[in-house]
Amino acid sequence: MAITGSGSLAISFFVFVISAAFLPKGAAETLTVEGQNLATDNVTVIEGETATISCRVRNNDDSVIQLLNPNRQTIYFKDVRPLKDSRFQLVNFSDNELRVSLSNVSLSDEGRYVCQLYTDPPQEAYADITVLVPPGSPIIESREDVVSEGNETELTCTAIGGKPAAYIRWMKGEEELTGETTVEETYDRMFTVTSRVRFSVTKEDDGMPVDCIIDHPAVKDLLAQRHLEVLYKPEVKIVVTYPEGLTREGDNLDLTCIAEGKPHPHQINWLRVDEDVPPHAVVTGSDLYIENLNKSYNGTYRCVASNAVGEAYVDYILYVHDSRAGEGAPQKIDHAVIGGVVAVVMFAILCALIVLGRYFARHKGTYFTHEAKGADDAADADTAIINAEGGHNNTDEKKEYYI
């Protein structure tokens, strides 16, 4: 809305200050502009918010203050409002200040406001009001709804009607992407910003969020999000259901093929590389069953899965062992351990013999033969025996030592 009203009623000295309600409310970006005996502020305000206009005078000598709009029409002369715009309201009037509020600020209110002080010569101070207009909610579009792995996709994000021009950032998960930006200025001094981003996708990108983030001084936390939908060929693996461990002659073999993809695999096939599958092998869906194995079945068995994107396969190498393989294997004799045990035993025996020898060497024993007892007093052997039995104690003892 344009500001209109009557012409200037008088030339007075005004100090005009405009402080805007910014996001968050109550905060304003101001730049003080000073002249002789007056001061005013440049103001940045968001469209639709309220600005407070304050004209400050230093050392006023009772000169008259008035406020003019960018068309130099008087908004307030002292405490009187000649301008027929009710959005302007008097907040405070004194010899040192004229403060006016402007509600519901629009883009048409932007421009240079004049504070006049009626002196000789008249003095003026200027306040430039800048109006910020937040852009509308961003619109994100994709060149295609679904993309196959390995291919390139393109996303476009548009922010309409902002002032100044918005800045657009891209995030894919935690990864920041670089886009190509174009800016178009419209007839009403507004800006439309468009950003495009291109990248190749993998199967890991399926379901990944891509954010278009708008950076603008008039708004916070403005974004649009789109989740990627990626098609990818199957991932295949083979699980041995039976047997556990070695495959032996006479055993049965049961293999299961597991395949996952997007879209889900529509076909799963079993084949034997370079040879035919055994005639009595049974294929049921994703399972391969072979009974009564023998060594002629050795070879590479392949599971192939396919979907609309492509096909993939995985191999299982079958080797059939003898029926007794891995059973009753003779235990190995550790000759080094046996030799060690024998050496320890022999050493223990040797130590025992040495200890016994030293023991008997220290404990000598004596004994008397019958011949020795009283033999010195006997004339012959018979007498010696008789004397010995008689217990002659005065005879010298003959000693024999033993070990």
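Just so it is clear, the model here is predicted, and its values are computed rather than measured.

Rules of the game
Residues numbered from 1 in each chain as written. Predicted model: local features only at pLDDT ≥ 70, side-chain atom pairs only at ≥ 80, totals over all residues. Heavy atoms only, no water. Helix = DSSP H or I, 4+ residues; strand = E, 2+ residues; numbered from the N terminus. Contact = heavy atoms within 4.5 Å. Areas by Shrake-Rupley, 256 points an atom, 1.4 Å probe, with all protein chains shown as cover. Disulfide = S-S within 2.5 Å. Phe/Tyr/Trp six-rings, centres within 6.5 Å; stacked < 30°, edge-to-face > 60°. Lys NZ or Arg CZ within 6 Å of the ring centre and 35° of its normal. Patch = residues over 30% accessible without salt bridge, like charges linked within 9 Å, V, L, I, M, F, W, Y side chains within 5 Å. Salt bridge = Lys/Arg side-chain N within 4 Å of Asp/Glu carboxyl O. 1 Å grid on protein atoms, 1.4 Å probe; cavity = no way out; pocket = protein on both sides within 12 Å on 5 of 7 lines; lining within 4 Å. Points joined across faces, edges and corners; volume = space filled by probe spheres on them. Nonpolar A, V, L, I, M, F, W, Y, C, P; charged D, E, K, R; others polar. UniProt positions renumbered as here; feature names shortened; annotations may be inferred. Polar contact = N/O pair within 3.5 Å; in protein donor to acceptor, adjacent residues only side chain to side chain.

## A few points about the overall build of the protein
So, step 1. What the protein contains, in helices and strands, is 2 helices and 26 strands.
So, step 2. Across the protein, contacts joining residues at least 24 apart in sequence account for 64% of those joining residues at least 6 apart.
So, step 3. By element, 51% of the accessible surface of the protein is carried by carbon and sulfur atoms, the whole surface being about 23,500 Å².

## Looking at the state of the cysteines
So, step 1. In total, this model carries 2 disulfides according to the counting rule given.
So, step 2. Bridging C157 to C212, the disulfide has an S-S length of 1.8 Å. What sets the handedness of the C157 and C212 disulfide is the S-S torsion sign, and at about -75° it is left-handed. Here the residue C157 occupies a position in strand β13 (residues 152–162), and C212 occupies one in strand β18 (residues 209–216), the gap between them amounting to 55 residues.
So, step 3. Between the sulfur atoms of C257 and its disulfide mate C303 the distance is 1.8 Å. Looking down the S-S bond of the C257 and C303 bridge, the torsion is -80°, so its handedness is left-handed. Taken together, the residues C257 in strand β21 (residues 253–262) and C303 in strand β25 (residues 299–306) connect sequence positions 46 residues apart.
So, step 4. The connectivity of the disulfides in the protein is 1-2, 3-4, where the numbers refer to bonded cysteines in sequence order.

## Details of the packing of aromatic side chains
So, step 1. For the structure on display, the rule yields 0 aromatic pairs.
So, step 2. A cation over a ring is seen here: R112 above Y126, with NZ or CZ 5.2 Å from the ring centre.
So, step 3. When the ring centre of Y313 is taken as reference, the NZ or CZ atom of R302 above it lies at 4.0 Å.

## With respect to a nonpolar patch on the surface
So, step 1. Taken together, the side chains of V337, I338, V341, V342, V345, M346, I349 and L353 present a nonpolar region at the surface, about 720 Å² in accessible area.
So, step 2. Mapped onto the elements of the fold, V341 is located in helix α1 (residues 335–362).

## Details of empty space enclosed by the protein
So, step 1. With the rule as written, the count across this model stands at 1 cavity of 30 Å³ or more.
So, step 2. Around the largest cavity, the lining residues are S142, E144, D145, V146, V147, T153, R226, H227, L228 and E229.
So, step 3. Residues belonging to the lining of the largest cavity are distributed by class as follows: 3 nonpolar, 3 polar and 4 charged.

## Comments concerning the UniProt feature "transmembrane region" (unreviewed entry) in the protein
So, step 1. Under the local residue numbering, the UniProt record ascribes the feature "transmembrane region" (unreviewed entry) to residues 336–356.
So, step 2. From the first C-alpha to the last, residues 336–356 spans 31 Å; its make-up is 100% helix and 0% strand.

## Structural notes on the side chain of Q116
So, step 1. Within the secondary structure, Q116 is located in strand β9 (residues 111–117).
So, step 2. Separated by 2.5 Å, the side chains of Q116 and Q66 make a polar contact.
So, step 3. A polar contact of 2.8 Å, which involves the side chain of Q116, links it to the side chain of E124.

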